[in-house]
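Fold and contact review
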2 protein chains.
Amino acid sequence: MKHFSLNDIHEMPHLYKINLINSCSGYKSANLIGTKSKSGISNVAIFSSVTHIGSDPALLGFFLRPNTVIRNTYDNIKETGYYTINHVHKSILTDAHHTSAKYDKSISEFDVTLLEEDYKKGYHMPFVKHAPVQIAMKYHEEYRIKANDTILLIGEIKDVFLDEHLLEPDGFVNLSKAQIATINGLDAYAIPHENIRLEYQRPKR
Amino acid sequence: MKHFSLNDIHEMPHLYKINLINSCSGYKSANLIGTKSKSGISNVAIFSSVTHIGSDPALLGFFLRPNTVIRNTYDNIKETGYYTINHVHKSILTDAHHTSAKYDKSISEFDVTLLEEDYKKGYHMPFVKHAPVQIAMKYHEEYRIKANDTILLIGEIKDVFLDEHLLEPDGFVNLSKAQIATINGLDAYAIPHENIRLEYQRPKR
């Protein structure tokens, strides 16, 4: 096996290091987070760190890295309290990835990509049209990670919209039926095509 | 589209709710976390919440849900300061999933599954033998999430071991070459077979 020690990691060129460390932890979710500023400018940006925090209350968290973006997403959430989480379908991969480009706050990524805004009753922030799963989120709380000044932002699920054929009788959302992407590292996208479900496990006697 | 409001979610049967909320956020990583108590009992448990926190220093975090496990993993990390993160290969799916069963602290999951312990120089905690990626972690810091008493535990990468053929010339670890699993919800595993890498994005002129 190839071995990298902490010293090796310290001495790697920057790009090699961020590729290795971002890809070695495993597959990540692929989500477009939609927001709108108080002044009415939409924003949509791709994130790979959305994580389940709890089911009751229904909470999802994600990490914002202070150095990597002009933080429109964070600023809009703090201004308005709301955001959307939308899944990346195979057909919008290229445009979804382009939202990682650092645009000024005055420019909406919806205007420079083929991604389309979708509005739902009761909400002023945009969902991403045709996303197979769209979730309306309300800001709940945040934590500043001392080690590197990253922010963990936690929100509560207010509404879930999903393509009906993904939903199984027991509430399971079958992502593999929807050609939804998963992220490997900084820039690689994979589309899992099938899955197997295993039973709830109890200790062996 | 199917729509679930916050009220609908509140009123769902427990199992339906945890299936829906755990599967609606997107694909998750599949990792076996290995630890050993001071008294020498090994533990290995599956987690789907390992997330990249930063590359320099190289930090990974994961969430521990207080109600779901007899918290051997957490207790061992707090006792010893060290743990391992190992990727779940297709061939060990069933045994990896079985580690979600609630075993008493006196029982090692390595003794009740076909998973094998692997020890490396300088570390007393077990890696998982034959895992295509094995990472030695040192405890760094933790945060208690007020909303539901979940713990975010952050560690620093000390050593990375990986199958050499997964490593691309720019440091990218190509998980799809290794039949590594991703998790959908509580109990579904998918194996992505290929990926596409997209370029670093800059604003369009």
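As shown above, the structure is provided for reference.
Residue numbers restart at each chain and count upward from 1, following the sequence in its written direction. Chains carry letters from A onward and ligands carry numbers from 1 onward, assigned in written order. Local features are withheld for residues below a pLDDT of 70 in this predicted model, meaning they are given only at 70 or higher, and side-chain atom pairs are given and counted only at 80 or more; totals for whole chains, interfaces and linings count all residues. Side-chain numbers come from the whole structure's heavy atoms, not from hydrogens or water.

1. Let's talk about the overall build of chain A
The test is simple: We count a stretch as a helix when DSSP gives it H or I for four or more residues in a row; a strand needs E for two or more, and each element gets its number in order from the N terminus. Each residue is placed in one exposure class: buried if its accessible area under a 1.4 Å probe, protein chains only, is under 20% of its type's maximum, exposed if it is over 50%, and partly exposed if it falls in between. Residue contacts are counted whenever heavy atoms from the two residues lie within 4.5 Å of one another. Values of accessible area rely on a 1.4 Å probe in the Shrake-Rupley scheme; residue burial ignores everything except the protein chains shown. Two residue types count as positive, namely Lys and Arg, and two as negative, namely Asp and Glu; His and chain ends fall outside the count. By convention, the point assigned to a charge is CZ for Arg, NZ for Lys, CD for Glu and CG for Asp.
The helix and strand tally for chain A stands at five helices and 14 strands. Overall, chain A is about 55 × 50 × 35 Å in size when its C-alpha atoms are taken along their principal axes. In chain A, which comprises 205 residues, the share counted as buried stands at 64%. Within chain A, contacts between residues separated by at least 24 positions form 58% of all contacts whose residues are at least 6 apart in sequence. Summing over all exposed atoms, chain A offers an accessible surface of approximately 8,300 Å²; the carbon and sulfur share of this is 50%. In chain A, the 23 positive side-chain charges and the 24 negative ones have mean positions that sit 5 Å from each other.

2. Focus: the relation of the copies chain B and chain A
Convention followed: Residues below a pLDDT of 70 in either copy are left out; the C-alpha atoms of the rest, at least 70 in both, set the least-squares superposition of the copies.
When chain B is fitted to chain A, the residual RMSD is 0.0 Å, and the transformation amounts to a turn of 180° plus an axial shift of 0.0 Å. Both chain copies can therefore be described as sitting about a two-fold axis. In terms of proximity to the rotation axis, the leading residue of chain B is Pro 192 of chain B, whose C-alpha is 2.2 Å off the axis. Of the interface residues in chain B, 100% have counterparts in chain A that sit at the interface too, so the contact is made through matching surfaces.

3. Here's the deal with the pattern of salt bridges
All names here are of chain A. Just so we agree on the cut-off: Salt-bridge detection follows one rule: a side-chain nitrogen of Lys or Arg within 4 Å of a carboxyl oxygen of Asp or Glu.
Scanning the model with the defined rule gives 16 salt bridges over all chains in all. Among the ionic pairs, Glu 142 bridges to Lys 78, the shortest N-O distance being 2.6 Å. In this pair, Glu 142 sits in strand β10 (residues 133–144) while Lys 78 sits in helix α3 (residues 72–80), placing the two residues 64 residues apart along the sequence. Exposure remark for Glu 142: the relative accessible area of 23% places this residue in the partly exposed category. In this structure, the salt-bridge partner of Asp 149 is Arg 144, at a minimum N-O distance of 3.5 Å. Under the relative-accessibility criterion, Asp 149 is labelled partly exposed at 39%. According to the relative accessible area criterion, Arg 144 is partly exposed, its value standing at 46%.

4. Observations regarding the sheet that holds strand β12 (residues 182–184) of chain A
As a reminder, the rule being used: Between any two strands, at least two bridges found by DSSP are needed for them to pair.
On the basis of which strands lie adjacent, the open sheet formed by four strands has the order β2(A)-β12(A)-β13(A)-β14(B) and antiparallel pairing. Across the chains shown, the open sheet's two edge strands, defined by having one partner strand only, are β2 (28–29) of chain A together with β14 (195–197) of chain B. One ladder, built from three bridges, connects strand β13 (residues 188–190) of chain A with β14 of chain B; its direction is antiparallel. Paired with Ala 188 of chain A across the two strands is Arg 197 of chain B, which belongs to β14 of chain B.

5. Thoughts on the interface of chain B and chain A
Quick note on the threshold: A quick way to say it: buried area is the sum, across both parts, of accessible area lost when two parts are put together, with a 1.4 Å probe. Polar contacts, as counted here, are pairs of nitrogen or oxygen atoms within 3.5 Å of one another; within protein the pair requires one atom able to donate a hydrogen and one able to accept it, and residues that are adjacent in sequence qualify only if both atoms are side-chain atoms. Under the scheme applied here, ten amino acids are nonpolar (Ala, Val, Leu, Ile, Met, Phe, Trp, Tyr, Cys and Pro), four are charged (Asp, Glu, Lys and Arg), and all others, including Gly, are polar.
Listed per partner, the contact involves 105 residues of chain B and 105 residues of chain A. Roughly 8,900 Å² is buried in total at the junction of chain B and chain A, and carbon and sulfur atoms are behind 61% of that figure. Our enumeration of links across chain B and chain A arrives at 57 residue pairs in polar contact (both at pLDDT 80 or more). Classifying every residue of the side of chain B that touches chain A by side-chain character gives 51 nonpolar, 32 polar and 22 charged.

6. A word on the packing of aromatic side chains
Residues and elements named next belong to chain A. We count it as follows: Aromatic pairs are defined between Phe, Tyr and Trp rings, using the six-membered ring for Trp, whenever the two ring centres lie within 6.5 Å; interplanar angles under 30 degrees are classed as stacked, those over 60 as edge-to-face, and all others as tilted.
Applying the stated criterion to the full structure yields 12 aromatic pairs over all chains. Each ring, one from Phe 47 and one from Phe 62, has its centre 5.0 Å from the other, and the planes form 70°; the classification is edge-to-face. Of this pair, Phe 47 sits in strand β4 (residues 42–47) while Phe 62 sits in strand β6 (residues 58–64), placing them 15 residues apart in sequence. The exposure classification of Phe 47 matches that of Phe 62, with both residues buried.

7. Structural notes on helix α2 (residues 14–23) of chain A
Spacing of three or four residues puts side chains on the same side of an α-helix, whose turn is 3.6 residues. Of all 10 residues making up α2 of chain A, seven are buried, and the element is well covered by its neighbours. The set of residues buried in α2 of chain A consists of Lys 17, Ile 18, Asn 19, Leu 20, Ile 21, Asn 22 and Ser 23 of chain A.

8. Re the side chain of Ser 23 of chain A
With respect to the secondary-structure elements, Ser 23 of chain A resides in helix α2. Apart from the residues lying within four places of it in its own chain, the contact partners of Ser 23 of chain A are Asn 184 and Gly 185 of chain A together with Gly 171, Phe 172, Val 173 and Leu 175 of chain B.

9. Looking at the environment of Phe 47 of chain A
All names here are of chain A. Given a relative accessible area of 11%, Phe 47 falls into the buried group. Along the primary structure Phe 47 and Gln 201 are separated by 154 residues, whereas in three dimensions their C-alpha atoms are 32 Å apart. Not counting chain neighbours up to four residues away, the residues in contact with Phe 47 comprise Ser 29, Ala 30, Asn 31, Ile 33, Phe 62, Phe 63, Leu 64, Thr 73 and Ile 183.

10. Looking at the sheet that holds strand β12 (residues 182–184) of chain B
Across a sheet, strands are paired by hydrogen bonds formed along the backbone, either parallel or antiparallel in direction. Taken together, four strands build an open sheet; the order of strands is β14(A)-β13(B)-β12(B)-β2(B) and the sheet is antiparallel. Among the strands making up the open sheet, the edge pair consists of β14 (195–197) of chain A together with β2 (28–29) of chain B. By the bridge criterion, three bridges tie β12 of chain B to strand β13 (residues 188–190) of chain B in an arrangement that is antiparallel. Following the sheet pairing, Ile 183 of chain B is matched in β13 of chain B by Tyr 189 of chain B.

11. Some points on the environment of Asn 22 of chain B
With respect to the element layout, Asn 22 of chain B can be found in helix α2 (residues 14–23). Judged by its relative accessible area of 6%, Asn 22 of chain B is buried. Considering only alpha carbons, one finds Asn 22 of chain B and Asn 184 of chain B, 162 residues apart in sequence, at a separation of 7.7 Å. Once residues within four sequence positions are removed from consideration, Asn 22 of chain B is found in contact with His 52 and Ser 55 of chain A together with Lys 28, Gly 185 and Leu 186 of chain B. Within the local environment of Asn 22 of chain B, its side chain forms a polar contact with the side chain of His 52 of chain A, the two groups lying 3.2 Å apart.

12. Thoughts on the pairing of strand β10 (residues 133–144) of chain B
Residues and elements named next belong to chain B. As paired strands, strand β7 (residues 82–87) and β10 are joined by five bridges and run antiparallel to one another. By the bridge assignment for β10, Ile 85 is matched with Ile 135. Inspection of the sheet shows β10 paired to strand β11 (residues 151–162) by 11 bridges, in the antiparallel sense. Pairing of Ile 135 across the sheet is with Val 160, part of β11.

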